[in-house]
Amino acid sequence: MKKVRIGLLGAGRIGKLHGENLAHSVPNADLYAVADPFMNDATREWAASMGIEKCYDDPEKIFSDPSIEAVFICSSTNTHAEFIIRAAQAGKHIFCEKPIDTNLDKIREALAAVEKAGVKLQVGFVRRFDHNHKAVRDTVASGVLGAPNIVKVTSRDPDHQSMDYIKVSGGIFMDMTIHDFDMVRYLAGSEVTEVMAYGAALSGAGYDQYGDVDTAIIMMKFENGALGVIDNSRAAHYGYDQRTEVHCDKGCVQVSNDFDNTAMISSGEGVTLAKPTWFFLERYNNAFIAEAKAFTEAVVNDTDTPVSGIDGIEPVKIAIAADKSLKEGRPVKLSEVG
């Protein structure tokens, strides 16, 4: 079996998750090197346990290694576009966590570098690879229910992130809802043309200190005529609430949450079920494995990646439009944000 030699850029929470999957669950992957500016003994021990041969504190060591065919960019968001450009210039295929950047011009510059170099790029919108959401998309795309009319996404985190994180997160739309903006495009099979966003800081946790909200409703229009709605909460408290639904001409397809178990306990006091899985590490780990497999298979087989550069820029446009709508209190067309 041909293997793709990979350099991992970033060894934080998401970098380690991808690293463990590449090392243990992706047959076509040869995870050879990791670079992190905060490289330390604990990270080196982790790398050794993954069978990673090289540890660096300088990403240039990975870009300059001709034996490395591809990179996984799992570093901080402000490095993504720069690392895409460097990897493309070095002729390496690229997997990049979302978002590529929060600035459209920087994203366009990175995508231009990828196109010029002729390398592959896959953006890490992992929920497309979830078994439930993919089943909804496949049903809609098959046409068996006719054209989509209403696309609904519920996405609620189980608990608050730290305020230290929130103040640098870029806001709920760019940090959290970005996944949902990709999901509605994926489910509808169409681009968003207009956004109306409402938001409030209702929890008292301090989001308003940073000009952010913890609760949001976003309504959308699509090119194909469908309508969409996303509802978000930063803290559901009962688990990671991830539901999708598409109502079509001839019927509806919807999925509920994954649960820790499916036992239903019935008694005179009532009927109880387990809570939804707690957070994305539990809920989507199989999807993380599936997206990594899809990327390495695209490199090995010289096929297109399933989540392209266009998929990297369109959700950012929607996030910018949603933020503008929230601040200005009006519907915003996507054409207004480029």
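Residues numbered from 1 in each chain as written. Predicted model: local features only at pLDDT ≥ 70, side-chain atom pairs only at ≥ 80, totals over all residues. Heavy atoms only, no water.

Quick notes on the overall build of the chain
Note the cut-off: Secondary structure follows DSSP: runs of H or I at least 4 residues long count as helices, runs of E at least 2 residues long count as strands, and numbering of each begins at the N terminus. For the exposure calls, accessible area comes from a 1.4 Å probe over protein chains only, and a residue counts as buried if that area is under 20% of its type's maximum, exposed if over 50%, partly exposed in between. Note on definitions: a residue-residue contact is assigned when non-hydrogen atoms from the two residues lie within 4.5 Å. Each accessible area value is a Shrake-Rupley result obtained with a 1.4 Å probe; residue values ignore everything except the protein chains displayed when judging cover. His is not counted here, nor are the chain ends, while Lys and Arg score as positive and Asp and Glu score as negative. For this purpose, a charge sits on NZ of Lys, CZ of Arg, CG of Asp or CD of Glu.
Tallying secondary structure elements over the chain gives twelve helices and 15 strands in all. In terms of overall dimensions, the chain has a C-alpha envelope of 55 × 55 × 45 Å along the principal axes. The buried share of the chain, taken over its 338 residues, is 54%. In the chain, once contacts between residues fewer than 6 apart in sequence are set aside, the share between residues at least 24 apart is 71%. Put simply, the chain shows about 15,000 Å² of open surface, and 50% of that area lies on carbon and sulfur atoms. Of note, the chain has its 35 positive side-chain charges centred 3 Å away from the centre of its 48 negative side-chain charges.

Focus: the sheet that holds strand S8 (residues 192–200)
Note the threshold: At least two bridges found by DSSP between two strands is the condition for calling them paired. Angles shown run from 0 to 180 degrees and are taken between the N-to-C directions of axes, each axis being a line fitted to C-alpha atoms and, for helices, limited to the stretch in contact.
Ordered in space as S12-S11-S7-S10-S9-S8-S15, the seven strands form an open sheet in which the pairing is mixed. With one partner strand each, in any of the chains shown, strand S12 (251–255) and strand S15 (332–333) form the two edges of the open sheet. The pairing of S8 with S15 spans two bridges and is antiparallel. In the strand pairing of S15, glutamate 194 is matched with lysine 333. Sheet contacts for helix H12 (residues 309–328): S8 and S15; angle to S8, the most-contacted strand, approximately 50°.

A short note on the state of the cysteines
Which entries qualify depends on this criterion: Disulfide assignment relies on a single distance test, namely cysteine sulfur atoms paired within 2.5 Å.
Per the counting criterion, the structure on display carries zero disulfides. With no disulfide of its own, cysteine 252 lies 7.3 Å from the sulfur of cysteine 248, the closest cysteine sulfur. With relative accessibility at 39%, the residue cysteine 252 sits in the partly exposed group.

Concerning helix H5 (residues 104–117)
For the record, the criterion: A helix is expected to reach a length of 1.5 Å times the quantity of its residues less one. Pairing of N or O atoms within 3.5 Å defines a polar contact, subject to two protein rules: one partner must be a possible hydrogen donor and the other a possible acceptor, and residues neighboring in sequence count only if both atoms are side-chain atoms.
With 14 residues, H5 should reach 20 Å at 1.5 Å per residue; the first-to-last C-alpha distance of 20 Å fits that figure. Taken together, the buried positions of H5 are occupied by Leu104, Ile107, Ala110, Leu111, Ala113 and Val114. Here the buried face of H5 lies against helix H4 (77–89), strand S5 (93–97), strand S6 (121–124) and H12. The N-cap of H5, judged by a side-chain oxygen 2.9 Å from the amide nitrogen of aspartate 105 a few residues on, is asparagine 103. Of the residues one or two after H5, glycine 118 is the one with positive phi, at around 70°.

Observations concerning the sheet that holds S5
Taken in spatial order, the six strands line up as S3-S2-S1-S4-S5-S6 in an open sheet, and their pairing is parallel. Looking at the sheet topology across the chains shown, the edges are occupied by strand S3 (54–56) and S6. Adjacent strand axes in the sheet meet at a mean angle of 20° when their direction is disregarded. Sheet analysis places strand S2 (residues 29–35) next to S3, joined by three bridges and oriented parallel. Residue pairing in the sheet places alanine 35 in a bridge with tyrosine 56 of S3. Across the sheet, helix H11 (residues 285–301) lies against strand S1 (4–9), S2, strand S4 (70–73), S5 and S6, angled at about 160° from S5, the strand it touches most.

Quick word on the pattern of salt bridges
Applicable threshold: The salt bridge criterion pairs a side-chain nitrogen of Lys or Arg with a carboxyl oxygen of Asp or Glu, the two atoms within 4 Å.
Here the structure, examined in full by the defined rule, presents 28 salt bridges. We note a salt bridge from aspartate 175 to arginine 234, for which the minimum N-O separation is 3.0 Å. Linking aspartate 175 in helix H8 (residues 172–175) with arginine 234 in the loop between strand S10 (227–233) and strand S11 (241–248), this pair joins segments that are 59 residues apart in sequence. There is no split in this pair, since aspartate 175 and arginine 234 are both buried. The closest approach of N and O atoms between aspartate 241 and arginine 243, which form a salt bridge, is 2.7 Å. For aspartate 241, a relative accessible area of 1% translates into the label buried. Connected through salt bridges with shared partners, the residues Arg128, Asp182, Arg185, Glu191 and Asp311 form a single ionic network.

Some details on the layout of surface pockets
Where we set the bar: A 1.4 Å probe that fits into a set of points on a 1 Å grid over the protein atoms alone but cannot get out defines a cavity; an open set with protein on both sides within 12 Å along at least five of seven lines defines a pocket, and lining residues are those with an atom within 4 Å of a point. Grid points are joined across faces, edges and corners, and a volume is the space filled by probe spheres set on the points. Note on residue classes: Ala, Val, Leu, Ile, Met, Phe, Trp, Tyr, Cys and Pro are nonpolar, Asp, Glu, Lys and Arg are charged, and everything else, Gly too, is polar.
Considering only enclosed or pocket space, the largest pocket measures out at about 1,300 Å³ in volume. Ile14, Thr77, Lys98, Tyr165 and Asp175 are the residues nearest the centre of the largest pocket, which is lined by 45 residues in total. Of all the secondary-structure elements, those providing two or more residues to the lining of the largest pocket are helix H1 (13–24), H4 and H8. Here the lining of the largest pocket is built from residues that sort into 20 nonpolar, 15 polar and ten charged. Around the second largest pocket sit 17 residues that line it, and Gly170, Gly171, Gly211, Asp212 and Asp323 are the ones nearest its centre.

A closer look at the side chain of aspartate 157
Inspection of the secondary structure assignment puts aspartate 157 in the loop between strand S7 (148–156) and helix H7 (163–166). Although aspartate 157 is buried, it forms no salt bridge, and the closest oppositely charged side chain is arginine 234 at an N-O distance of 4.4 Å.

Some details on the packing of aromatic side chains
Under the convention used in this document: For Phe, Tyr and Trp, where Trp contributes only its six-membered ring, two rings pair if their centres lie within 6.5 Å, and the inter-plane angle classes them as stacked under 30 degrees, edge-to-face over 60, or tilted in between.
In this structure the tally under the stated criterion is nine aromatic pairs. On the numbers, 5.7 Å between centres and 65° between planes, the contact of phenylalanine 63 with phenylalanine 83 is edge-to-face. With a gap of 20 residues between them, phenylalanine 63 in helix H3 (residues 60–63) and phenylalanine 83 in helix H4 connect regions that are remote in the sequence. Phenylalanine 83 carries the same exposure label as phenylalanine 63, and that label is buried. Between the aromatic rings of phenylalanine 95 and phenylalanine 295, the centroid separation amounts to 6.0 Å while the plane-to-plane angle is 70°, which identifies the pairing as edge-to-face. Here the residue phenylalanine 95 occupies a position in strand S5, and phenylalanine 295 occupies one in helix H11, the gap between them amounting to 200 residues. The buried category is assigned to phenylalanine 95, whose relative accessible area is 0%.

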